[in-house]
Amino acid sequence: MSILSRNTAAAHPATETYARHVNPAFVRLLGVFGYGRVFVRARGVSLWDHEGREYLDFLSGFGSVNLGYNHPRLVARLREFLLEDAPNVLHVGPSPHAAALAEALSQAAGPPLSMSLFANSGSEAVEGGLKLARAATGRTAFLYCNGGFHGTNLGALSVMGAPRLRQPFEPLLPQCEAIPFGDLPVLEQALRKRRPAAFLVEPIQSEGGVVLPPTDYLKQAQALCKKHGTLLILDEVQTGLGRTGSLFMYQAEDFVPDVLVLAKSLGGSLLPMGAALTSRELVIKAYGTMERFDLHGSTFSGNAFGCAAALETLRILQDGHNGKPGHLDLIGNAKRMGRLLVDLLRERLAGHPLVREVRGRGLLVGVELGPTDRGLWQRLAPALFRGVAKNVLGQWLAVRLLEHGIVAQPASQEWNVLKLEPSLLIEEHHIRQVVGAIAEILADYRDLAPLLKDVASRVGAQFASGWSFR
Ligand code: PMP
């Protein structure tokens, strides 16, 4: 019997087909949460479901939609590309589109990051960085941070700081060691002991719960890595391309990584694109001979269509084109709107017994939910409360927001942190709408009892409807 066989009158036909042929557990989980929607249209900061309801998007495809959905200037460029009859994948000569993108990325990232190793995803771009580090240094070990997220292929999983995602696939690469994020003495000790090829780190741990490092951590980590002959690979897959208020976050931190990993928004949300940027010196060391020139790469990496999309995306971000008449400084907007979002959330949620912290940078903001010492139940039953907070609170708030016409999700590895990550086109009235909705929802839930009652009645209704997708 179908998992969707009851009460699915309004379900989009793709729901059943997706459950049957792609991912049944995902569809079931959406049913359990009451998060069932099929989104069929997207434009700018808005999404529409198949019944025509409009939603304000504060998820941005986990950071892939910095330009907003289907940005008109990008769409126009891609249409134009399709009329050019350019060879998309060829690999028997230098690609003009890959060359143009690599040059633009080099100018945007600044010296010495003048070379691009292209990829089709963040995981693949991370893999490119790891392989380069081994090939260029002749060393084998890697360091990474607890709580870090770098992708799901076997290379990236080897340096994945989320054990739940890693463990089913072990054993992974040997000699990979996790260290605490933000701890320089432990980093130095590990660098000395292991002599690793690379230290892989995110500037902000996004999926790990929007965790910011201490001031100057990244800059000092880079200095330590240099001292010990280890490459610092900075994973800006989620923070990059304007999200944190500068094109790349390291540019506001006064250092340059040895390798910069990009993906997600690089393809403007329309094409899968990734890249590991690095110095000419490292590329020559790793792949600079005729025996080694083809040791890294794949059929579609650096494909012309993806490169054209990425180049236009970069130009739009640099020009500040907001898709409307007149121009907007998109990256400056990320900084201003992000500050407003954090300030308003802090103001409206101050002293709330379920809110531990509001933190973020630019338009990567987290609201950490969970036990504070301000609630009665939290003092009486802290273990129960911690369990509820960890597994339920963030998803519950996401469902409530969906009912207010807002799409947002908890960090994928820390469900008690609601992540707010809208596109860089977002305007002040949107920010006020979302903060107002969060404050209004949470105003009725100042302790565990009403919250558990609401969760129980929702789960009960979903159970009674056969976990229907609605
Ligand atoms: N690095 C970071 C920081 C990410 O957030 C992600 C995806 N969430 C990845 C790498 C992996 O990217 P992809 O899903 O495109 O493989």
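Residue positions are given per chain, counting from 1 as you read along its sequence in written order. It should be noted that, the model being predicted, local features are given only for residues of pLDDT at least 70 and side-chain atom pairs only at 80 or more, the latter also being counted only at that level, while totals for whole chains, interfaces and linings use all residues. The side-chain figures draw on all heavy atoms in the structure; neither hydrogens nor water molecules are used.

A. Looking closely at helix α6 (residues 122-137). Along its 16 residues, α6 runs 22 Å from first to last C-alpha, staying within 8% of the 22 Å computed at 1.5 Å per residue. Looking at α6, one finds that the buried residues are Gly122, Ser123, Ala125, Val126, Gly128, Gly129, Leu130, Leu132, Ala133 and Ala136. For the purposes of these results, a polar contact is taken to be a pair of N or O atoms within 3.5 Å, where, inside protein, one atom must be able to donate a hydrogen and its partner to accept one; residues adjacent in sequence count only when each atom of the pair is a side-chain atom. Put simply, DSSP H or I for four residues or longer makes a helix, DSSP E for two residues or longer makes a strand, and each gets a number counted from the N terminus. One side-chain oxygen of the residue at the start of α6 lies 3.4 Å from the amide nitrogen of serine 123, identifying that residue as serine 121. In the segment just after α6, glycine 138 is the residue with positive phi, at about 75°. Helices are assigned an expected span. That span is 1.5 Å times one less than the residue count. Relative accessibility decides the category of a residue: with a 1.4 Å probe and only protein chains considered, values under 20% of the type maximum give buried, values over 50% give exposed, and everything between is partly exposed.

B. Examining the sheet that holds strand β9 (residues 259-262) more closely. In this description, strands pair whenever DSSP reports at least two bridges between them. Strand order in the open sheet formed by seven strands is β4-β10-β9-β8-β7-β5-β6, with mixed pairing between adjacent strands. Lying at the two open borders of the sheet, with one neighbouring strand each, are β4 (115-119) and β6 (176-179). Each strand axis lies, on average, 20° off the axis of its neighbour in the sheet, ignoring direction. Here helix α9 (residues 184-194) sits on the sheet in contact with β5 (142-145), β6 and β7 (198-201), set at roughly 165° to β6. All axes here are fitted lines through C-alpha atoms, helices being fitted over the stretch that makes contact, and every angle between N-to-C directions spans 0 to 180 degrees. Contacts were defined at the residue level, with two residues in contact if any of their heavy atoms lie within 4.5 Å.

C. Up close: the side chain of threonine 313. Mapped onto the fold, threonine 313 is located in helix α12 (residues 304-319). Relative accessible area serves as the criterion here: at 1%, threonine 313 is assigned to the buried category. Setting aside residues no more than four positions away along its own chain, threonine 313 makes contact with Leu67, Leu74, Ser265, Leu266, Gly267 and Gly268.

D. Summary view of the packing of helix α15 (residues 382-403) against helix α16 (residues 428-443). The geometry of α15 relative to α16 is characterised by a closest axis approach of 10 Å and an angle of 120° between their N-to-C directions. Of the two elements, α15 crosses α16, and the hand of that crossing is right-handed. Across the interface between the two elements, Trp396, Leu397, Arg400 and Leu401 from α15 touch Ala437, Ile438, Ile441 and Leu442 from α16. By convention the crossing between two helices is left-handed if the near helix lies anticlockwise of the far one by an angle smaller than a right angle, and right-handed if it lies clockwise.

E. Local environment of the sheet that holds strand β12 (residues 364-369). Spatial ordering of the open sheet is given by β11-β12-β15-β14, a layout of four strands whose pairing is antiparallel. The open sheet has two edge strands with one neighbour each: β11 (355-361) and β14 (409-411). Shown here is a sheet whose adjacent strand axes are inclined to one another by a mean of 35°, direction ignored. Taken together, the three bridges between β14 and strand β15 (residues 414-420) define a ladder with antiparallel strand orientation. For alanine 411, the partnering residue across the bridge sits in β15 and is glutamate 414.

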